[in-house]
2 protein chains.
Amino acid sequence: MTLSIATWNINSVRLRIDLVGDFLDSHQPDVLCLQEIKCPEANFPYRAFRERGYEHILVNGQKGYHGVATISRRPFTPVGHREFCRKGDARHTSVAIPDGNGDILVHNFYVPAGGDEPDPEINPKFAHKLAFLDEMKSWLTGRETDRKAILVGDLNIAPYEHDVWSHRQLLRIVSHTPVETEGLEEVRQAGGWLDAMRHFVPKEEKLYTWWSYRAPDWEKANKGRRLDHIWVTPHLGHRLAGIEVVRDARGWQRPSDHVPVIARLAAA
Amino acid sequence: MTLSIATWNINSVRLRIDLVGDFLDSHQPDVLCLQEIKCPEANFPYRAFRERGYEHILVNGQKGYHGVATISRRPFTPVGHREFCRKGDARHTSVAIPDGNGDILVHNFYVPAGGDEPDPEINPKFAHKLAFLDEMKSWLTGRETDRKAILVGDLNIAPYEHDVWSHRQLLRIVSHTPVETEGLEEVRQAGGWLDAMRHFVPKEEKLYTWWSYRAPDWEKANKGRRLDHIWVTPHLGHRLAGIEVVRDARGWQRPSDHVPVIARLAAA
DNA sequence: GTCGATCGAG
DNA sequence: CTCGATCGAC
């Protein structure tokens, strides 16, 4: 059976529920992983999903900040949320999707943004980000390597040179500092993950999933970053069929600053 | 020449500029007096008015609160704003509209709401409202009596029994307490004004211009109040041709809690 | 209920 | 620039 899975930092799912509906109608992913839903589970707009046949929903939300949700038109088993860094933040959820011979485990992450100042000594938000990466690394080491698994989300780090519009100008900007990009590479390698987006798009080619709200003419300036990611374990590597970055979404009415990314897996 | 003049507490002109445009397109008043524009003059959405041929605009605005604007498709001479109660509030503006033999003076007022507790000793907002009425009375006494003049606005008082859904239940509710209703009558009589709305609608008939946001089913409950008024001097009394309360406006998308009131004057 | 201001966060 | 929370005002 094939599987298509999308990840999207929606920056308030309630405010943008119509955009999400349009996206599901037009792109029909099997699974949608949202980040920054910005509401507790009780206020999640379930109906818009169920109306469209997305009846399997797992929400890890909190009031006002962060929050992730995994939504699927294929049945899944909720696996649970891990609370990283003992902060009470809703930044992770996981589900297991039956897929012929065994399940595919799907991790949905929202890594802390890290504030402005890239110094953990003076910026506790940056320290939190680095601690989160450390904990991701140890928790994921060996955990899914020998299974069929997918890790998606807003990882808030653009790891490679051409994941940002200017490597040089962003080296001291949070999301592209060496301690973060190297940290994220360690997480990826420790878990044995393959970077699905870069599997299809050469590392020499610019690839973005986020454009700041502050630049009025985002399309012309095109000062983007690749903050959103889809990783798969080697057991799924041979099934990777394609990647789509829905760049158009940045130009929709009242958009999120992130766009959806979709990965398509061939049948086993 | 005929003249039609509308008054509308818009509760943020920027948020509801599309509603205002629709109203102008559909009802085509010569003059529109807005209250509670809630922005300084610099942020006033002039373009939407000019695009529609309303090229004469006088704004007395302030940041976040209150603010009035008089908008006209007929030329006028700005007369100025009076600052009542030395509070720095933007609650009045006036213009003079050439009308054959002499001008028609148009006063646009936003009287303070007065808070919840109808006791000036313990509620300074109520004291301010009463002081505002006092100052209106002395300032207007004899001032326009012998001219062609119109006074419109959100006066935040429902003066007569049938200006509220329940006279008995509102006697101790701010906007319908005796000290306010009597005070407003004194203002009206001291200036020699005629109540144009009650000129057409008998005092025994319910007449409202405002329905609270808090009542979810405003139309069915119909617990309204007549807070918005159009007064004219005797020199214009014989020209009063009709009054329209645009009640529908309360049911528009994201409405103001007040609806527009339009007065039509016949040619001299 | 609905607004704008202010704030922290992105 | 845009979001939600909080607040005071209506």
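Residues numbered from 1 in each chain as written. Chains lettered and ligands numbered in written order. Predicted model: local features only at pLDDT ≥ 70, side-chain atom pairs only at ≥ 80, totals over all residues. Heavy atoms only, no water.

Participant: What is the right way to read the protein's contact with DNA strand C from this model?
Facilitator: In the vicinity of DNA strand C there are 15 residues, among which A:Ala113, A:Arg214, B:Ser12, B:Tyr213 and B:Arg254 approach most closely. In DNA strand C, the atoms that sit within 4 Å of the protein are 76% sugar and phosphate, with bases accounting for the remainder. Note that a base oxygen of DNA strand C is positioned 2.8 Å from one of the side-chain N or O atoms of A:Arg214. The contact in question runs from a phosphate oxygen of DNA strand C to an N or O atom on the side chain of B:Arg254, over 2.8 Å. (Near = heavy atom within 4 Å. Polar contact = N/O pair within 3.5 Å; in protein donor to acceptor, adjacent residues only side chain to side chain.)

Participant: Explain the side chain of B:Asp257 here, please?
Facilitator: Residues and elements named next belong to chain B. In this fold, aspartate 257 is placed in the loop between strand S13 (240–245) and strand S14 (261–265). One buried charged residue, aspartate 257, forms no salt bridge at all, with the nearest opposite charge on arginine 16 at 6.3 Å. Once residues lying within four places of it in the same chain are set aside, the contact partners of aspartate 257 are Asn11, Thr209, Trp210, Trp211, Tyr213 and Arg250. (Helix = DSSP H or I, 4+ residues; strand = E, 2+ residues; numbered from the N terminus. Buried < 20%, exposed > 50% of the residue type's maximum accessible area, 1.4 Å probe, protein only. Lys, Arg positive; Asp, Glu negative; His and termini not counted. Salt bridge = Lys/Arg side-chain N within 4 Å of Asp/Glu carboxyl O. Contact = heavy atoms within 4.5 Å.)

Participant: I keep staring at helix H5 (residues 178–191) of chain B and nothing clicks. Help me out?
Facilitator: Every α-helix winds through 3.6 residues per turn, so residues three or four apart in the chain are directed the same way. Residues and elements named next belong to chain B. In a regular helix each residue adds 1.5 Å, so 14 residues correspond to 20 Å; H5 covers 20 Å between its end C-alpha atoms and thus fits that length. Of all the positions in H5, only Glu180, Thr181, Gly183, Leu184, Glu185, Val187, Arg188 and Gly191 are classed as buried. Note on H5: the residue one or two positions beyond its end, glycine 192, has a positive phi of about 70 degrees. (Expected span 1.5 Å × (residues − 1).)

Participant: Honestly, helix H1 (residues 17–27) of chain B in this entry has me stumped. Any pointers?
Facilitator: All names here are of chain B. Residues of H1 that are buried include every one of Ile17, Leu19, Val20, Gly21, Phe23, Leu24 and His27, and no others. Next to the buried residues of H1 lie strand S1 (3–9), strand S2 (31–35), helix H2 (46–50), S13 and S14. At the C-terminal side of H1, glutamine 28 shows a positive phi close to 50 degrees.

Participant: Got a minute to help me understand the sheet that holds strand S8 (residues 149–154) of chain A in this structure?
Facilitator: Residue and element names in this part refer to chain A. On the basis of which strands lie adjacent, the open sheet formed by six strands has the order S5-S6-S7-S8-S12-S9 and mixed pairing. Either end of the sheet is taken by a strand with one partner, and the two such strands are strand S5 (77–80) and strand S9 (194–195). In this sheet, strand S12 (residues 228–232) lies alongside S8 in antiparallel orientation, the contact comprising five bridges. By the bridge assignment, glycine 153 is partnered in S12 with histidine 229. (Pairing = 2+ DSSP bridges.)

Participant: What's the story with the protein's contact with DNA strand D in this structure? I'm lost.
Facilitator: Taken together, 16 residues lie near DNA strand D, and A:Ser12, A:Leu15, A:Tyr213, A:Arg254 and B:Arg214 sit nearest. Backbone atoms, meaning sugar and phosphate, form 78% of the atoms of DNA strand D found within 4 Å of the protein. Within the contact set of DNA strand D, a phosphate oxygen lies 3.4 Å away from a side-chain nitrogen or oxygen of A:Arg16.

Participant: Would you explain the packing of helix H3 (residues 124–140) of chain A against helix H5 (residues 178–191) of chain A in this entry?
Facilitator: How two helices sit against one another is set out by the angle between their axes and by the gap between those axes. Residues and elements named next belong to chain A. With their axes 8 Å apart at the nearest point, H3 and H5 run at an angle of 15 degrees to one another. Here H3 lies roughly parallel to H5, going by the angle between them. Between H3 and H5 the crossing geometry is left-handed. Taken together, the residues of H5 that come into contact with H3 (itself represented by Phe126, Lys129, Leu130, Leu133, Met136, Lys137 and Leu140) are Val179, Glu180, Gly183, Leu184, Glu186, Val187, Ala190 and Gly191. Here the contact of H3 with H5 is composed, by residue class, of nine nonpolar, two polar and four charged. (Axes fitted to C-alpha atoms, helices over the stretch in contact; angles between N-to-C directions. Parallel < 35°, antiparallel > 145°, perpendicular 65-115°, else oblique. Left-handed = near helix turned anticlockwise from the far one by under 90°. Nonpolar A, V, L, I, M, F, W, Y, C, P; charged D, E, K, R; others polar.)

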